[in-house]
Amino acid sequence: MTQAPTPTADTVRRLVRSLTKEGEEGTTAEAGTGARDAAGPDVRPVAETGSTTWWVGSRHVLRLATDREATARRRRELRLRDLVRPHVPVAVPVSAAHGDWAPGLAYTLDTKVPGGTAEEHEVSAVGEADLAGLLTGMREVPARQIEILGVPHAPARSLEALRRMAVPAAELLRATDEFDAALLHQLTPQGAAQLAAQPGTAVLVHHGLRGEHLVVSADGRVRGVLDWTHAVVGDPAEDIAGLALAVGSPAAVRAATLAGYGARSCLRGLWLARCDTVLALAERLDGRSDSPLPLLRTQLRRAWEAILLERVTEFREEGPDDTEQP
């Protein structure tokens with residue numbers, strides 16, 4: 001197998017210059033306004049992504065796929081974003097140009113969505129309503145059209161299996177004074193079974209609603225959602241879990257409740273997030289991950305924020321729409 005080239009600043013400049021030239025001829029969007037000189041446009045890597053995502057000037061972001069699987073996801077994302085956009089109340093990135101930057105490897109040049117991230121700005125009460133609108137809109141995207149795009153189906157995770165994995169991880173964190181392992185005992189095997197995913201509840205799931213993918217303005221409004229490459233048809237509790245890591249469990253549950261999700265889905269998402277954060281921090285402390293420690297600790301704290309809904313211990317069977325209010 002031929003090894004994919006490693007993108008460099010020169011690679012990005014050459015690509016953007018070619019797009020700019022085509023734009024001047026009227027065949028594609030202009031990509032380097034205000035950033036062109038003899039050396040080419042101003043480009044710089046987005047720190048969290050290594051060499052795969054680059055800022056281009058102040059108004060665009062260039063994302064480069066480095067393998068065939070990522071290329072397929074990028075190309076599917078272009079069509080999925082167009083499908084999702086009319087259904088959600090927040091911005092979904094618009095592509096200014098797309099194609100191949102190397103043989104068989106895709107790129108997308110997107111217009112930047114103005115704002116910071118959920119790691120930089122706290123989401124306000126109105127921002128929680130924005131998140132509720134996002135969750136509601138994703139549930140309303142027509143299933144037939146999602147299927148036509150080839151969005152993959154993802155089976156719901158076993159919360160009990162995740163709980164069993166998290167128990168020794170919690171003990172490791174206890175030994176390093178990172179976490180009170182007794183907190184995990186609140187989720188019993190019976191509770192995990194009670195919070196199993198229900199049949200017929202699969203919807204379009206972003207599957208990456210982390211803080212860096214939520215565009216948040218200084219006033220706390222959620223203005224956009226980035227990176228739809230990992231979207232699946234699956235368990236809506238996964239996006240509730242993602243929001244718990246991004247904005248905290250209380251805000252995530254409030255947004256999900258506003259979107260019409262019931263107690264079962266909210267608590268399932270909460271416990272998915274809690275087990276995930278325990279496992280992620282334990283892996284990092286054990287040397288099996290290089291994720292930033294401060295972020296992992298922040299996500300652990302957010303996921304384990306207490307919510308009133310945890311007092312609910314009995315659930316009636318919810319229907320496919322899961323609309324029972326907690």
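Preceding block: the structure.
Residues numbered from 1 in each chain as written. Predicted model: local features only at pLDDT ≥ 70, side-chain atom pairs only at ≥ 80, totals over all residues. Heavy atoms only, no water.

*Asks:* For this particular structure, what's the right way to read the sheet that holds strand S6 (residues 116-117)?
*Replies:* Strand pairing in a sheet is mediated by backbone hydrogen bonds. Such pairs are either parallel or antiparallel. Pairing in this open sheet of three strands is antiparallel, and the strands run S6-S8-S9 from one edge to the other. Looking along the sheet, the strands with just one partner apiece sit at the ends: S6 and strand S9 (222-225). Bridge count between S6 and strand S8 (residues 214-216): two bridges; the pairing is antiparallel. Looking at S8, one finds that Gly 116 is bridged to Val 216. (Pairing = 2+ DSSP bridges. Helix = DSSP H or I, 4+ residues; strand = E, 2+ residues; numbered from the N terminus.)

*Asks:* So what exactly am I meant to see when it comes to the side chain of Thr 71 here?
*Replies:* Along the chain, Thr 71 turns up in helix H2 (residues 68-84). Side-chain polar atoms of Thr 71 contact the backbone oxygen of Gly 104, separated by 3.3 Å. With sequence-adjacent residues up to four places away left out, Thr 71 is seen in contact with Ala 65, Gly 104, Leu 105 and Ala 106. (Polar contact = N/O pair within 3.5 Å; in protein donor to acceptor, adjacent residues only side chain to side chain. Contact = heavy atoms within 4.5 Å.)

*Asks:* How should the pattern of salt bridges be read in this particular structure?
*Replies:* Opposite charge on two side chains allows them to pair when their charged atoms are near. Going through the model one piece at a time under the given rule, you end up with 24 salt bridges. Across the pair Arg 63 and Asp 110 runs a salt bridge whose closest N-O atoms are separated by 3.5 Å. Linking Arg 63 in strand S3 (residues 60-64) with Asp 110 in strand S5 (residues 105-111), this pair joins segments that are 47 residues apart in sequence. One salt bridge in this structure joins Asp 286 and Arg 288, with 3.1 Å as the shortest N-O distance. By relative accessible area, which is 53% here, Arg 288 ends up exposed. Within the structure, one salt-bridge network assembled from shared partners comprises Arg 63, Glu 77, Arg 81, Asp 110 and Asp 227. (Salt bridge = Lys/Arg side-chain N within 4 Å of Asp/Glu carboxyl O. Buried < 20%, exposed > 50% of the residue type's maximum accessible area, 1.4 Å probe, protein only.)

*Asks:* What is the right way to read the nonpolar core from this model?
*Replies:* Buried together is how nonpolar side chains tend to be arranged in soluble globular proteins. Core analysis: the biggest nonpolar cluster contains 73 residues, and Leu 80, Leu 204, Leu 214, Val 247 and Val 278 have the highest contact counts within it. Listed in part, the 16 residues of the second largest apolar core include Leu 19, Val 56, Leu 64 and Ala 96. (Core = buried A, V, L, I, M, F, W, Y, C linked by side-chain atoms within 4.5 Å.)

*Asks:* Is there a simple way to think about the packing of helix H3 (residues 125-140) against helix H8 (residues 249-258) in this case?
*Replies:* The relative placement of two packed helices is expressed as an angle between their axes plus a distance between the axes. Relative orientation of the contacting elements H3 and H8 amounts to 50°, with a least axis distance of 8 Å. By the angle between their axes, H3 is oblique relative to H8. You can see that H3 and H8 cross each other, and the crossing is right-handed. Of H8, the residues touching H3 (which contributes Glu 128, Ala 129, Leu 131, Ala 132 and Leu 135) are Ala 251, Arg 254, Ala 255, Ala 256 and Leu 258. (Axes fitted to C-alpha atoms, helices over the stretch in contact; angles between N-to-C directions. Parallel < 35°, antiparallel > 145°, perpendicular 65-115°, else oblique. Left-handed = near helix turned anticlockwise from the far one by under 90°.)

*Asks:* I would appreciate a short explanation of the packing of helix H7 (residues 237-247) against helix H9 (residues 263-285) in the present structure.
*Replies:* Contact geometry of H7 with H9 gives a least axis separation of 7 Å together with a crossing angle of 55°. Comparing the axis directions of H7 and H9 gives the class oblique. As H7 packs across H9, the resulting crossing turns out to be right-handed. Contact residues: Ala 237, Glu 238, Ile 240, Ala 241, Ala 244 and Leu 245 in H7; Ser 265, Cys 266, Arg 268, Gly 269, Leu 272, Ala 273 and Thr 277 in H9. A class-by-class count of the residues in the contact of H7 with H9 yields eight nonpolar, three polar and two charged. (Nonpolar A, V, L, I, M, F, W, Y, C, P; charged D, E, K, R; others polar.)

*Asks:* Hey, could you run me through H2 in this one?
*Replies:* The periodicity of an α-helix, 3.6 residues per turn, causes residues three or four places apart in sequence to face the same way. Look at H2: 24 Å from first C-alpha to last across 17 residues, which is about the 24 Å you get at 1.5 Å a residue. Along its length, H2 shows its largest kink, about 25°, at Glu 77. When we look at burial in H2, the residues that qualify are Ala 70, Thr 71, Arg 74, Arg 76, Glu 77, Leu 78, Leu 80, Arg 81, Leu 83 and Val 84. Considering only its buried residues, H2 is in contact with S3, strand S4 (95-102), S5, helix H4 (143-149) and strand S7 (203-205). N-capping of H2 is provided by Asp 67, with a side-chain oxygen placed 3.1 Å from the backbone N of Glu 69. (Expected span 1.5 Å × (residues − 1). Bend = angle between axes of the 7 residues up to and from the residue.)

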